[in-house]
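# Analysis of the macromolecular model
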Amino acid sequence: MIFPLGVVSPLHIPAWRDFPLRDRLQAAFNLPVIVENDAKAFALGEARFGAGQGVGHMLGMILSTGVGGGFVFDGKLYHGASGNAGHIGHTIVAPAGPACDCGARGCLTVVASGTGLVQRARDALAQAGMSVLAELAPEALTGQGVIAAASQGDALALRLLRQAADGVACAIADAAVMFDLDTVVIGGGLMQAGALLLEPIKAALTDRMRLSFTGKLALRAAALGPVSGIIGAAALALEP
Ligand SMILES: [Zn+2]
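Conventions used here
Residues numbered from 1 in each chain as written. Predicted model: local features only at pLDDT ≥ 70, side-chain atom pairs only at ≥ 80, totals over all residues. Heavy atoms only, no water. Core = buried A, V, L, I, M, F, W, Y, C linked by side-chain atoms within 4.5 Å. Buried < 20%, exposed > 50% of the residue type's maximum accessible area, 1.4 Å probe, protein only. Helix = DSSP H or I, 4+ residues; strand = E, 2+ residues; numbered from the N terminus. Contact = heavy atoms within 4.5 Å. Salt bridge = Lys/Arg side-chain N within 4 Å of Asp/Glu carboxyl O.

Here we take up the nonpolar core. Membership of the largest hydrophobic core comes to 52 residues, with the highest contact counts inside it found for M61 and I172. Of all the secondary-structure elements, those providing two or more residues to this core are β3 (57-63), β4 (67-73), α3 (108-112), α4 (114-126), α5 (143-151), α6 (155-179), β6 (183-187) and α7 (195-208). Top element by residues in this core is α6. It accounts for 14 residues. In contact with M61, other than residues within four places in its own chain, are F42, V67, G68, G69, I88, L108, V168, I172, V185, I186 and G187. If you look at the next biggest cluster of nonpolar residues, it comprises 21 residues, including V33, V35, I62 and V185.

As structure tokens, this is what we get:
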């Protein structure tokens, strides 16, 4: 997506390449329109009204069907050169890891999104091994299904969540040293895993972040539920 032009090229909608979404919406409704990436809007919403209020240098992260992110520095959403800053789901956390839909290998999304968890579960089940995930109907093998199995103590599901947590921690550690962050706010459906995901993320961060200035990094759960992005988008529309 190009900001503020609102020209979009979503990875999973091949029919939309350089699609002028903002201009089409403006023409259809005859109103000013702002088009923003959902994860950047999430970060701004949490920074203004949620878990990131009063924070100076924040990364907002969504762990959901995909993995997205956005940076808010001194209260301002950071856009980058083209409006794509914060694409943390495509930072590489396993250089020899599985292929990502973007064409690269080992992106955070392939280990820590709902879609990635399901694919990793399928890969592991294909290699056999005992897991309650093998007994689930194909449509029940979802990110939430993996979380439910992990909460029952299933070894494969727990391993997949630990790998996801380690990937998330790698990406956060990289962002923290590059941007000298003070807070990371994490939201999205996978956060329903609660301590099963947060505790290994914290442990891996403690292990990976050794520089003194990263020692005070705060990790918080999002506070606005599923409406963070909507609130953030509204905040963006109200900004001068
Ligand atoms: Zn990727």
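On to the pattern of salt bridges. As a working rule, side chains carrying opposite charge can pair if their charged atoms are close by. For the structure on display, the rule yields seven salt bridges. For the salt bridge of D23 with R22, the shortest nitrogen-to-oxygen distance reads 3.5 Å. In this structure D23 comes out as partly exposed when scored by relative accessible area, which is 41%. Among the salt bridges present, the one from R210 reaches D207, with a minimum N-O distance of 3.0 Å. A relative accessible area of 65% means that R210 is categorised as exposed. Assessed through its relative accessible area of 48%, D207 is described here as partly exposed.

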